[in-house]
Amino acid sequence: MKLTLKIWRQKGPEAPGKFVSYPVDNVNPEMSMLECLDVLNESLIERGEEPVAFEHDCREGICGSCGFMISGIAHGPQAATTVCQLTMRHFKDGDELVLEPWRSRPFPFVKDLVVDRRAFDRIVQAGGYISVSTGNAPDGNAIPVGKEEADRAMDAAACIGCGACVAACPNGSAALFTGAKIAHLGILPQGQPERDRRAVRMVAQMNAEGFGSCTNIGECTGVCPKEIPLEVIARMNRDYLRGIWKERHQLVTTIAPVTDWDLVTK
Amino acid sequence: MKLDARIPSGPIEQAWDNARFEMKLVNPANKRRHHLLVIGSGLAGASAAATLGELGYNVTCFCFQDSPRRAHSIAAQGGINAAKNYQNDGDSVYRLFYDTVKGGDFRAREANVYRLAQNSLSIIDQAVAQGVPFAREYGGALTNRSFGGAQVSRTFYARGQTGQQLLLGAYQALERQVDAGTVTMIPRTEMLDLIVIDGRARGIVARNLITGKLSVHLAEAVILATGGYGNVYYLSTNAKGSNATAIWRAHKRGALFANPCYTQIHPTCIPVSGDYQSKLTLMSESLRNDGRIWVPMNKGDKRTPNEISEEERDYYLERRYPSFGNLVPRDVASRNAKAVCDEGRGVGETGLGVYLDFADAIARLGEHTIRERYGNLFDMYQRITDENPYKVPMRIYPAIHYTMGGLWVDYQLQSTIPGLFVLGEANFSDHGANRLGASALMQGLSDGYFIIPYTVGNYLASSKLGKVSESHPDAQAALSCVRTGIDKLLAIRGRRTVDSFHRELGKIVWDDCGMSRNAQGLRTAIEKIRALREEYWQNVTVPGSGDDLNQSLEKAGRVADFFELGELMCIDALERNESCGGHFREEYQTPDGEAQRDDEHFSYVAAWGYTGPGKPPELTQEPLEFAYVHPSQRSYK
């Protein structure tokens, strides 16, 4: 089949950007969206043009590297599917697909379809862990975890950190991402000692990054390739309130967002 | 060169304890004065960086992805082995050790494997404490599944996302140390050379993939945890970015490369569908627990699977290996799939596929149970193939998945360059000629959480390391070598894309140094690779510049290294005149087609040294001794 890919091209954050339309012939319905971009890029390189920069790595929907808007929908029209696993059979001959990067202020623009998602790492740095140094652990079966609890924790832990939730949210909120980690660790008995502190610090960091507030619209869970349920946000809010109530006298520190890429500071 | 593996003396059960006791320690207050570089943030790298940070070392960790959480360990599906014996089914540290040595076809170092089996216990404990949501029984206890090559259930799992959950555990531990200030994380940065000063690894040259800036990073020791080299084959289950550049460039600086021909072909992947294909998707081996593998009895049977009656099906693994059945080790399962396809009995459009059928398991256990166990894998299969595996058998075919070879390391995980340590898939250490399923996660975490924290301390405490500066001629030489390499690639401006070369290289290596090899094919492959490499340096085109995000340039450097490594793989395969594990030489097989080892002549690790561009590599042998598990013809019948 034949498709037209209308792609956002921009060399860098300071350079002007624009949409460029590329006709792609011989699209095989079995191809993934990214393989379709590969085919386009090969032809661009052969013509001496710069290929479209896009993020990708595992190409099996688990690393969370890939992701862009396809005609206004994060990761495209197929539910629970990242762009690397989205096969072209979901489109019709002659379709025009509009590809744009995630657009959200806390995800600074890098190039073409690539943005900077380091804000997510900093949210995890702010408390998305259980503080247990190597060697401290009791026997694996010493702490029983009921099957239902383990399953619910796993549902939340399945987040791949791709950022689609933020891109889809009209408020640019990272509540689904942050809530997923708070829920994963907060459900498990191992996560209880730091439950309040974790919620308070992670939410504070999310705000410091400039992500918007959640108003329960639910676009996030609709586009989430791992179908993280909206309940994780309710859980985040509850743990946050509980934490604020119990630890309100504590000073909450946040990490300064870094946006440049000159990482080598001497 | 004589290789000293530094294997501790005494009984194997006490070897690691003794070795740890003899290691020198670094005073807690002095640890922060030691700067360590960790390259890679997968299971081995993230666990090493986190643990070294916890101990108080000053660590800088690099990854080429935008976040350390993306490393390809994340894609491991099935599980992680540990000799917990929670199932009371006869498992023990010794049995896991035995199974791993045997599974590796007697080409691994016994002492290393024993330590791996010992550490498996602590890995599970550590991961549980971090909040890794392993599968549980209703009563709250951890549950297990079985895996190929073992007759006990010792595999712990988190649905089909075990690698993801273990990696997130290690990543979170790493981010905790970033917050604590002990680890500096530098993402989107690729190591392009190793700096060796006075015979010791003292730093790296790295390129910032966003700004293109090259920088020198100096340290007391360098720890490589950069994964395997399966992407030599172009089509593999590896991530697109997985590459061998860090280990290959360290090799060119003097680190010996061991057993490059030991590559693992995973039996259960989704078959190739077209020439645009960019990678192969794995279906976890755990599916072989409940799926039955078959092909039609008759050649060229093009009917749909459901039209083929029981009598007309050949469950060839169950027929040939009654005691292990569908759970034979990976190399055996892969070779048998190739054999039935070569006979013309393969299924699917290309004829390169076999069925993995769940009908019996669904009838026995119900669809619900199967969905519980493998739901996400079934969904993934359906997303890719548009077929419903609950109704129609899956089609699978072997694909390159893991590389057992890697940089040579001694018992302390140090390469032949003092101060250069190598962890996880990047080293050659524990799996011999074939890795058992669910053992890669175990090895990566054993190396990172429980071995390197001791051995790097021993190195620092027993070495006199002077100050070095960026202006040191060896550091500057490495920097300018990298710069020249990049400029050269950008200046060729030929007519072929990097990917087109890579695809062609991959096909050569797959055809002649893949599932089965022979001397004639390997000789031809070496010639072809050399010719193609020649053309590469004349005719590749790399658009753009070196001063910004240039994904073509990144690939170009990696593919240049794959050419050299691919050649070494063939040389090693040609030199090893025997079949063992994943290395199957057609000339050396038993009458019924099984791998025929030659212990008298080849019971050694082949460690290759780089001697210069265009010069033949130099072979050093490390003899293998088996004091505990007596080498025998592997039998899974």
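Residues numbered from 1 in each chain as written. Chains lettered and ligands numbered in written order. Predicted model: local features only at pLDDT ≥ 70, side-chain atom pairs only at ≥ 80, totals over all residues. Heavy atoms only, no water.

Quick notes on the overall build of chain A
Along its length, chain A carries 8 helices and 7 strands. Expressed as a percentage of the 266 residues in chain A, the buried residues total 60%. Once the 29 positive and 34 negative side-chain charges of chain A are each reduced to a mean point, those two points are 6 Å apart. (Helix = DSSP H or I, 4+ residues; strand = E, 2+ residues; numbered from the N terminus. Buried < 20%, exposed > 50% of the residue type's maximum accessible area, 1.4 Å probe, protein only. Lys, Arg positive; Asp, Glu negative; His and termini not counted. Charge placed at Lys NZ, Arg CZ, Asp CG, Glu CD.)

So, the domain arrangement of chain A
All names here are of chain A. The domain boundaries assigned to chain A delineate domain 1 (3–110) and domain 2 (118–247). Inter-centroid distance (C-alpha atoms) of domain 1 to domain 2 is 29 Å. Across the contact, 17 residues belong to domain 1 and 18 residues belong to domain 2. Together domain 1 and domain 2 conceal approximately 1,300 Å² of surface at their shared face, both sides included; 64% is due to carbon and sulfur atoms. Broken down residue by residue, the surface that domain 1 buries against domain 2 is led by A80, P106 and F107, which jointly contribute 36%. Linking domain 1 with domain 2 are 0 salt bridges. Class assignment for the residues of the side of domain 1 that touches domain 2 results in 10 nonpolar, 6 polar and 1 charged. (Domains from an automatic or database assignment. Contact = heavy atoms within 4.5 Å. Buried area = accessible area lost by both parts, 1.4 Å probe. Salt bridge = Lys/Arg side-chain N within 4 Å of Asp/Glu carboxyl O. Nonpolar A, V, L, I, M, F, W, Y, C, P; charged D, E, K, R; others polar.)

A closer look at the packing of helix α4 (residues 93–103) of chain B against helix α5 (residues 110–130) of chain B
Residue and element names in this part refer to chain B. Look at α4 against α5: their axes get within 9 Å of each other, and the N-to-C directions meet at 135°. What the angle tells us is that α4 and α5 run oblique. Where α4 crosses over α5, the two elements pack in a sense that is right-handed. Of the residues in α5, those touching α4 at V93, Y94, L96, F97, T100 and V101 are E110, V113, Y114, A117, Q118, S120 and L121. Along the lines of polarity and charge, the residues of the contact of α4 with α5 split into 9 nonpolar, 3 polar and 1 charged. (Axes fitted to C-alpha atoms, helices over the stretch in contact; angles between N-to-C directions. Parallel < 35°, antiparallel > 145°, perpendicular 65-115°, else oblique. Left-handed = near helix turned anticlockwise from the far one by under 90°.)

Notes on the layout of surface pockets
Residues and elements named next belong to chain B. Put simply, the largest pocket is a space of about 1,000 Å³. Lining of the largest pocket is provided by 42 residues; of these, W248, K252, D561, E564 and Y610 occupy positions nearest its centre. Listed by contribution, the elements that provide at least two residues to the lining of the largest pocket are β6 (189–197), α7 (245–252), α13 (473–492), α15 (519–539) and α16 (551–575). For the lining of the largest pocket, the leading source of residues is α16, giving 10 residues. (1 Å grid on protein atoms, 1.4 Å probe; cavity = no way out; pocket = protein on both sides within 12 Å on 5 of 7 lines; lining within 4 Å. Points joined across faces, edges and corners; volume = space filled by probe spheres on them.)

Let's talk about the pattern of salt bridges
According to the stated counting rule, one finds 74 salt bridges over all chains in the structure shown. With its nearest N and O atoms 3.0 Å apart, the salt bridge here joins D196(A) to R242(A). Placement of the pair is D196(A) in helix α6 (residues 195–208) and R242(A) in helix α8 (residues 231–247), with a sequence separation of 46 residues. Linking D599(B) and R107(B) is a salt bridge whose minimum nitrogen-to-oxygen distance equals 2.9 Å. Placement of the pair is D599(B) in helix α17 (residues 599–602) and R107(B) in the loop between α4 and α5, with a sequence separation of 492 residues. Taking the relative accessible area as the measure of exposure, D599(B) reaches 30% and is therefore partly exposed. In the salt-bridge network here, residues are joined through shared partners; they are D105(B), R107(B), R576(B), E578(B), R597(B) and D599(B).

With respect to the interface of chain A and chain B
Counting residues at the interface gives 85 residues for chain A and 85 residues for chain B. Between chain A and chain B, roughly 6,900 Å² of surface is buried when both sides are summed, and carbon and sulfur atoms account for 49% of that area. There are 12 salt bridges connecting chain A and chain B. Residue R188(B) is joined to E55(A) by a salt bridge in which the shortest nitrogen-to-oxygen separation is 2.8 Å. Listed by contribution, the elements that provide at least two residues to the side of chain A that touches chain B are α1 (33–46), β6 (109–111), β7 (114–115), α2 (118–125), α3 (147–157) and α5 (175–187) of chain A. With 8 residues, α3(A) is the single largest residue contributor to the side of chain A that touches chain B. Classifying every residue of the side of chain A that touches chain B gives 38 nonpolar, 20 polar and 27 charged.

Focus: the state of the cysteines
Residue and element names in this part refer to chain B. Per the counting criterion, the structure on display carries 0 disulfides over all chains. Counting only cysteine sulfurs, C269 is the nearest neighbor of C341, a cysteine outside any disulfide, at a range of 13 Å. Residue C341 is classed as buried on the basis of its relative accessible area, which comes to 8%. (Disulfide = S-S within 2.5 Å.)

Quick look at the nonpolar core
The biggest cluster of nonpolar side chains holds 252 residues, and the ones touching the most others in it are I80(B), F134(B), L224(B) and Y536(B). Looking at this core element by element, the count peaks at 13 residues for α16(B). If we ignore the near neighbours within four places in the chain, the residues touching I80(B) are I123(B), I124(B), F134(B), R154(B), T155(B), F156(B), T162(B), L166(B), A438(B), L441(B), M442(B) and L445(B). One finds L37(A), C66(A), L97(A) and Y276(B) within the second-largest nonpolar core, a separate group that totals 27 residues. (Core = buried A, V, L, I, M, F, W, Y, C linked by side-chain atoms within 4.5 Å.)

Considerations on a nonpolar patch on the surface
Judged by side-chain polarity, Y94(B), Y98(B) and Y628(B) come together as a nonpolar surface patch covering roughly 260 Å² of accessible area. Along the chain, the position of Y94(B) falls in helix α4. (Patch = residues over 30% accessible without salt bridge, like charges linked within 9 Å, V, L, I, M, F, W, Y side chains within 5 Å. Areas by Shrake-Rupley, 256 points an atom, 1.4 Å probe, with all protein chains shown as cover.)

Examining the packing of aromatic side chains
Tallying each qualifying case throughout the model produces 29 aromatic pairs over all chains. With 6.2 Å between their ring centres and 80° between their planes, Y233(B) and W510(B) make a pair best called edge-to-face. In this pair, Y233(B) is assigned in the loop between β9 (221–224) and α7 and W510(B) in helix α14 (residues 498–513), connecting sequence segments 277 residues apart. For W510(B), a relative accessible area of 27% corresponds to the partly exposed category. Members of the aromatic cluster, each reached through a chain of ring pairs, are F107(A), F120(A), F177(A) and F211(A). Sitting above the plane of the F19(A) ring, K6(A) keeps its charged end 5.3 Å from the centroid. (Phe/Tyr/Trp six-rings, centres within 6.5 Å; stacked < 30°, edge-to-face > 60°. Lys NZ or Arg CZ within 6 Å of the ring centre and 35° of its normal.)

A word on unusual backbone geometry
We note that H75(A) has phi near 65°; this positive angle belongs to a residue other than glycine. Exposure remark for H75(A): the relative accessible area of 0% places this residue in the buried category.

Details of empty space enclosed by the protein
Taken as a whole and assessed by the stated rule, the structure comprises 14 cavities of 30 Å³ or more. Along its surface, the second largest cavity is lined by 43 residues, and H56(A), Q551(B), E554(B), K555(B) and R558(B) are the ones closest to its centre. Broken down by secondary-structure element, the contributors of at least two residues to the lining of the second largest cavity are α1 of chain A together with α14 and α16 of chain B. Per-element tally for the lining of the second largest cavity: the top contributor is α16(B), with 7 residues. Classifying every residue of the lining of the second largest cavity gives 14 nonpolar, 16 polar and 13 charged.

Notes on the pairing of strand β5 (residues 96–100) of chain A
All names here are of chain A. Counting buried positions along β5 yields 4 of 5 residues, so the element is predominantly enclosed. Pairing of strand β1 (residues 3–10) with β5, which is carried by 4 bridges, proceeds in the parallel orientation. Considered in β5, the bridge of T4 is made with E96. For strand β3 (residues 69–70) and β5, the ladder comprises 2 bridges, and the chain directions are antiparallel. In the strand pairing of β5, I70 is matched with L99. (Pairing = 2+ DSSP bridges.)

Some thoughts on the packing of α2(A) against helix α6 (residues 162–180) of chain B
With their axes 8 Å apart at the nearest point, α2(A) and α6(B) run at an angle of 80° to one another. Taken together, the axes of α2(A) and α6(B) are roughly perpendicular relative to one another. The segment α2(A) lies against α6(B), with F120(A), D121(A), V124(A) and Q125(A) engaging Y171(B), Q172(B), E175(B), V178(B) and D179(B). Among the residues making up the contact of α2(A) with α6(B), the classes are represented as 4 nonpolar, 2 polar and 3 charged.

Observations concerning the sheet that holds strand β7 (residues 200–208) of chain B
Residues and elements named next belong to chain B. Strand order in the open sheet formed by 3 strands is β6-β7-β8, and the pairing between neighbours is antiparallel. The open sheet is flanked by β6 and β8 (214–218), the only strands paired with a single partner. Direction aside, the axes of adjacent strands within the sheet are offset by 25° on average. Against the sheet, α13 engages β6, β7 and β8, with an angle of about 140° to β6.

Examining the sheet that holds strand β4 (residues 73–74) of chain A
Residues and elements named next belong to chain A. The strand order across the open sheet formed by 5 strands is β2-β1-β5-β3-β4, and the pairing between neighbours is mixed. Across the chains shown, the open sheet's two edge strands, defined by having one partner strand only, are β2 (17–24) and β4. Of the strands in this sheet, β1, β2, β3 and β5 are in contact with α1, which crosses β1 at around 75°.

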